Amino acid sequence: MAGDGNTPLKTSDDHPDDLVLQEYALGQSEAEQAAEVGQHIAQCARCRARVEEWRQFGERLAADLRRDLDRVTPAEPLEFSRIARQWRVPRRRTSPATIWRLSFPALLLGLLLWMAFWLVSGRRTAALRALDLLEDYDGPPVVLAAVTDRGLVVVRLVPGEVRLEQRLSYVTHPAGLQLAPDGEWLAFTQDRILHILGTRAGGAHLEIPLAGLAGWAWSPDGSALAYTDGAGQLWLFERHTLSSRLLVPASESAWGKLAWNPDGTQIAYVTARPLPPVAGGATHQSLWRVDVLSGLRVELARRLPEAGALLSAEAWLASGEGLLAWETSPADGENLATLYQVDVSGHLLTALDGKVPVQGENLSWPLGPQARALVWDGRNLVIWHLQEQKKQPLAGQLAWPQTVDWSADGAWLAAVLAGAPPGQGVILFALEASTLRAISLPADATERAIFCGGPEHLFVIRQPQGRETAEVWLVSLVERAAPRRLMSSVALPEAGPYNGWRWDDVFALRVLD
Amino acid sequence: MSQNPHVNPAMDDLPLIQRAIEGDERAARQLFEKYQLRTFRLALGLLGDEADAEEVAQDALTYALLNLRLYRPDLSSFSTWLHTITVCRARDKRRRKFLPSISLTQWLGLGNQIRDHTPGPEAVVIRNETEDRLLWALDQLSPKLREAIVLRFYTDCSYKEMSEIMGCSLNTVRSRLRLAVDRLRELLGEEQVPWLATETLR
Ligand SMILES: [Zn+2]
């Protein structure tokens, strides 16, 4: 039945592209194009036939898919009860004693699994083999947490020794993996439970039920984890007591991300009424700080309510006299944030020139040490030195950085460039000299993310061609040593709404001093 | 066929969602009941295996209901949001299965798995042919192309919704769908497609 257009009414050059005809047939053309195609096919038998062909194909395909799928029901009914159990978690909790519990079953299970490993298969366990862990590690001492096809693993790497410390097979879809600065603890959520896990084999494991969207951050010395619980409360979990105390009550509507000041005495947080995101309406948002010891709260600055706009505290300036916050709003399509500098004493929010992309609840380009920020000013990539209030253009024409990390001293930044050919995705930019350096890697995998590993090393996450898992590579910046694969079978994160990746859902790394 | 997954009751969900966020378990249960079958079937279309589809659907619904606060009604309908989660979970599931080169039909004998209902006698002859071919053809598609087909032709998503759900640009959606349709037609071979024959017979 397919007419091949041997006798067109018009020359073949004038026919709309097949793609256009297909879209028209499936009812997906824009109005203007639809009108054009409509006019054309009124006179062109060839294209009319093609459209009709597509249309019939589409209709039959849809009908057959429905017929095949709509009559199947799950063999076992899906269970609401599995969800309801978590629904019954009280939304407003009163006593810190009820909000944490040592998870003995999980701990026991972990311990048993761990023992089973060592007993059954000796030192080179199956799990280790599956991860392809490098045996003769020679990089900086690090702790890393990664989601793999065998669940969440925590691995400690010191020169000459690689140790699989923890493996939680049921942790398959965590969010927001955050290692404490000393690498001794890991925090993450999964299914509305905040997990706080000691990273040593057999370490403690606490689970804290959350009421909704939460945020958490380790204190600069790693002794405490501050978190919001989705019910408007801000808590402080302290390692030495293994318990939480309430810092900000629910009536204050604290929510989202938190930022510790450099000396760990203050936490910046946002309050919002109603708690977002509620039906896209405007919320009244304010930036506050709370004194960790006294619990004294001070409002820093206030935003006028704007529909859909969401404010987050990000980081303090080293002086402690100002901080940085950011806001997404529907006007920017939610994926670009406006950065604000907040004058703590003047109660002022000043918008900075330039935007930063956002992935989920985090900036895709994290702020650097000494309040340095990579921003897009609408035309160019620029580095803001916020402390000095000066802007530095990035040398040369640079593709869009997909992920970025800063050296610990803020002297250089490393980026993975979107769309770079395999092996050529990593660049370094030295701020002082204003120079770019490309890092070459083998061409069998695409660079996806980057983590700075002390002054001399980079950890690069790479996706081998045709694979749906990633590998972690160690790159030495000073020696002439070839880059080495450290580990494989790392899960790729879910893509965010704008084709970005949420790496903190699958990977975290902490360099130990 | 009593429940039609192709109707998009976008706005009716908002009050339910709001109540569920406020802690009303019954509202959450209603949302669950309303979306469980269509979520399961979407997952089945994406994965081709019932057990996997059950797991993915349960996961997706659990995640969605426990994270209702993350849903932004101003950006998409609830069903689009839920589809997005389901597609992500299905991708996850596939990643974890490590079956990149073996067709699920071969592996699981899907031919028998997907249909446990006996069709009416008048359709028997045509049906076996058509279904085997269609499911087999779907299994030959790459996951991304399969997503495009199922989202467009089963859940009736617009191109714009598809780009949100699949996390790619509109142009990527267009070209994936085109590739997918071309590939399906190629696989099914027009003259061998029984449905076209049926059409002419009627
Ligand atoms: Zn024509």
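Located above this text is the structure these notes cover.
Right, let's walk through the structure included here. (Residues numbered from 1 in each chain as written. Chains lettered and ligands numbered in written order. Predicted model: local features only at pLDDT ≥ 70, side-chain atom pairs only at ≥ 80, totals over all residues. Heavy atoms only, no water.)

## Considering the overall build of chain B
Then, in step 1: The helix and strand tally for chain B stands at 11 helices and zero strands.
Then, in step 2: Listing every helix and strand of chain B by position from the N terminus yields α-α-α-α-α-α-α-α-α-α-α.
Then, in step 3: Split into buried and exposed, the 202 residues of chain B put 57% on the buried side.
Then, in step 4: When contacts within chain B are restricted to residue pairs at least 6 apart in sequence, long-range pairs at least 24 apart make up 64% of them.
Then, in step 5: Of the accessible surface of chain B, which amounts to about 8,700 Å², a share of 54% is contributed by carbon and sulfur atoms. (Helix = DSSP H or I, 4+ residues; strand = E, 2+ residues; numbered from the N terminus. Buried < 20%, exposed > 50% of the residue type's maximum accessible area, 1.4 Å probe, protein only. Contact = heavy atoms within 4.5 Å. Areas by Shrake-Rupley, 256 points an atom, 1.4 Å probe, with all protein chains shown as cover.)

## Side note on the packing of aromatic side chains
All names here are of chain B.
Then, in step 1: Applying the stated criterion across every chain, the model contains seven aromatic pairs over all chains.
Then, in step 2: Where tyrosine 35 meets phenylalanine 78, the ring centres are 5.1 Å apart and the plane angle is 65 degrees; that geometry is what we call edge-to-face. Taken together, the residues tyrosine 35 in helix α2 (residues 25–47) and phenylalanine 78 in helix α4 (residues 78–97) connect sequence positions 43 residues apart. Accessibility classification places tyrosine 35 together with phenylalanine 78 in one group, the buried group. (Phe/Tyr/Trp six-rings, centres within 6.5 Å; stacked < 30°, edge-to-face > 60°.)

## Side note on the sheet that holds strand β25 (residues 401–406) of chain A
Residues and elements named next belong to chain A.
Then, in step 1: Strands sit in the order β25-β26-β27-β28 across an open sheet of four strands; the sheet is antiparallel. Looking at strand neighbours, the two that pair on one side only are β25 and β28 (435–439), the edges of this open sheet. Neighbouring strand axes in the sheet, compared pairwise and without regard to direction, differ in orientation by 25 degrees on average.
Then, in step 2: Two strands pair when backbone bridges link them, and strand β26 (residues 412–417) and strand β27 (residues 426–430) are joined in this way by five bridges, in the antiparallel orientation. Bridged to tryptophan 412 within β27 is alanine 430. (Pairing = 2+ DSSP bridges. Axes fitted to C-alpha atoms, helices over the stretch in contact; angles between N-to-C directions.)

## Thoughts on the coordination of the zinc ion
Residue and element names in this part refer to chain A.
Then, in step 1: Listed as protein donors to the zinc ion are His15 (ND1), His40 (NE2), Cys44 (SG) and Cys47 (SG); their distances from the metal cover 1.9 to 2.3 Å.
Then, in step 2: Coordination geometry of the zinc ion: the four donor atoms subtend angles of 100 to 120 degrees at the metal centre, consistent with an arrangement described as tetrahedral.
Then, in step 3: Donor residues for the zinc ion sit on one chain with the sequence pattern H-x24-H-x3-C-x2-C. Assigned by exposure class, histidine 40 and cysteine 44 land together as buried. (Donors = N, O, S within 2.8 Å, 3.2 Å for Na, K, Ca; no water. Tetrahedral: all angles 85-135°; square planar, octahedral: opposite > 155°, others 65-115°.)

## Here we look at the pattern of salt bridges
Then, in step 1: Here the structure, examined in full by the defined rule, presents 37 salt bridges over all chains.
Then, in step 2: One salt bridge in this structure joins arginine 485 of chain A and aspartate 132 of chain A, with 3.1 Å as the shortest N-O distance. Pair noted here: arginine 485 of chain A is in strand β32 (residues 484–491) and aspartate 132 of chain A is in the loop between α7 (126–131) and β2 (142–148), with a separation of 353 residues, a long-range link.
Then, in step 3: Overall, aspartate 132 of chain A belongs to the partly exposed group, its relative accessible area being 35%.
Then, in step 4: Across the salt bridge formed by glutamate 164 of chain B and lysine 160 of chain B, the nearest N and O atoms sit 3.2 Å from each other. Of this pair, glutamate 164 of chain B and lysine 160 of chain B both sit in helix α9 (residues 159–166), four residues apart, roughly one helical turn. (Salt bridge = Lys/Arg side-chain N within 4 Å of Asp/Glu carboxyl O.)

## Considering the nonpolar core
Then, in step 1: Ranked by size, the top nonpolar core spans 75 residues in total, and within it Leu31, Leu68, Phe78, Ile149, Phe153 and Met162 of chain B carry the most contacts.
Then, in step 2: Counting residues per element, this core draws most heavily on α2 of chain B, at 11 residues.
Then, in step 3: Contact partners of phenylalanine 153 of chain B, with chain neighbours within four places excluded, come to Leu26, Gly58, Leu61, Ala62, Leu65 and Arg66 of chain A together with Leu177 and Val181 of chain B. (Core = buried A, V, L, I, M, F, W, Y, C linked by side-chain atoms within 4.5 Å.)

## Notes on the pairing of β26 of chain A
Residues and elements named next belong to chain A.
Then, in step 1: Within β26, six of the six residues are buried, which leaves it mostly tucked inside the rest of the structure.
Then, in step 2: In β26, alternate side chains face the same way, and those of Trp412, Ala414 and Val416 on one face and Leu413, Ala415 and Leu417 on the other are all buried.
Then, in step 3: Both β25 and β26 contribute to a ladder of five bridges, which runs antiparallel. Residue pairing for β26: threonine 403 is matched across the bridge by valine 416.
Then, in step 4: Between the end of β25 and the start of β26, which pair antiparallel, lie five residues, with glycine 410 showing a positive phi angle near 75 degrees.

## Digging into the environment of valine 290 of chain A
Then, in step 1: Tracing the chain through its elements places valine 290 of chain A in strand β15 (residues 284–291).
Then, in step 2: Excluding residues within four positions of it along the chain, valine 290 of chain A makes contact with Leu247, Val248, Thr265, Gln266, Ile267, Tyr269, Gly295, Leu296 and Arg297 of chain A.

## Side note on the environment of leucine 61 of chain B
Then, in step 1: Position of leucine 61 of chain B relative to the elements: it lies in helix α3 (residues 50–66).
Then, in step 2: A residue is classified by how much of its surface remains accessible, and leucine 61 of chain B, at 3% relative accessible area, is buried.
Then, in step 3: Each residue touching leucine 61 of chain B, except ones within four places of it in the same chain, is listed here: Leu78 and Ile83 of chain A together with Phe32, Tyr35, Gln36, Thr39 and Leu82 of chain B.

## Concerning the environment of leucine 236 of chain A
Then, in step 1: Note on placement: leucine 236 of chain A falls in strand β11 (residues 234–238).
Then, in step 2: Residues leucine 236 of chain A and tryptophan 216 of chain A, spaced 20 residues apart in sequence, show a C-alpha to C-alpha distance of 9.5 Å.

## Observations regarding the sheet that holds strand β9 (residues 215–218) of chain A
One key point about sheets: their strands pair by backbone hydrogen bonds, in either a parallel or an antiparallel sense.
Residue and element names in this part refer to chain A.
Then, in step 1: In spatial order, the strands read β9-β10-β11-β12; together these four strands make up an open sheet with antiparallel pairing. In this open sheet, the two strands that pair with only one neighbour each are β9 and β12 (243–248). Put simply, the sheet's adjacent strands are angled 25 degrees from each other on average, direction ignored.
Then, in step 2: Where strand β10 (residues 224–228) lies against β11, five bridges are found, and the strand directions are antiparallel. Across the sheet, the residue bridging to alanine 226 is leucine 236, located in β11.

## A look at helix α8 (residues 143–154) of chain B
Residue and element names in this part refer to chain B.
Then, in step 1: Between its terminal C-alpha atoms α8 stretches 15 Å, which fits the 16 Å expected from 12 residues at 1.5 Å a residue.
Then, in step 2: What α8 keeps buried is the set Leu145, Arg146, Glu147, Ala148, Ile149, Val150, Leu151, Arg152, Phe153 and Tyr154.
Then, in step 3: A positive phi of about 60 degrees marks aspartate 156, the residue just after α8. (Expected span 1.5 Å × (residues − 1).)

## Re unusual backbone geometry
Residues and elements named next belong to chain A.
Then, in step 1: Even without being a glycine, alanine 371 presents a positive backbone phi close to 50 degrees.
Then, in step 2: Summarising the element assignment, alanine 371 is placed in the loop between β21 (362–363) and β22 (372–376).
Then, in step 3: The phi angle at serine 489 is positive, at roughly 65 degrees, despite the residue not being glycine.
Then, in step 4: Locating serine 489 in the fold gives a position in strand β32.
Then, in step 5: Classification of serine 489 by relative accessible area gives buried; the value is 11%.

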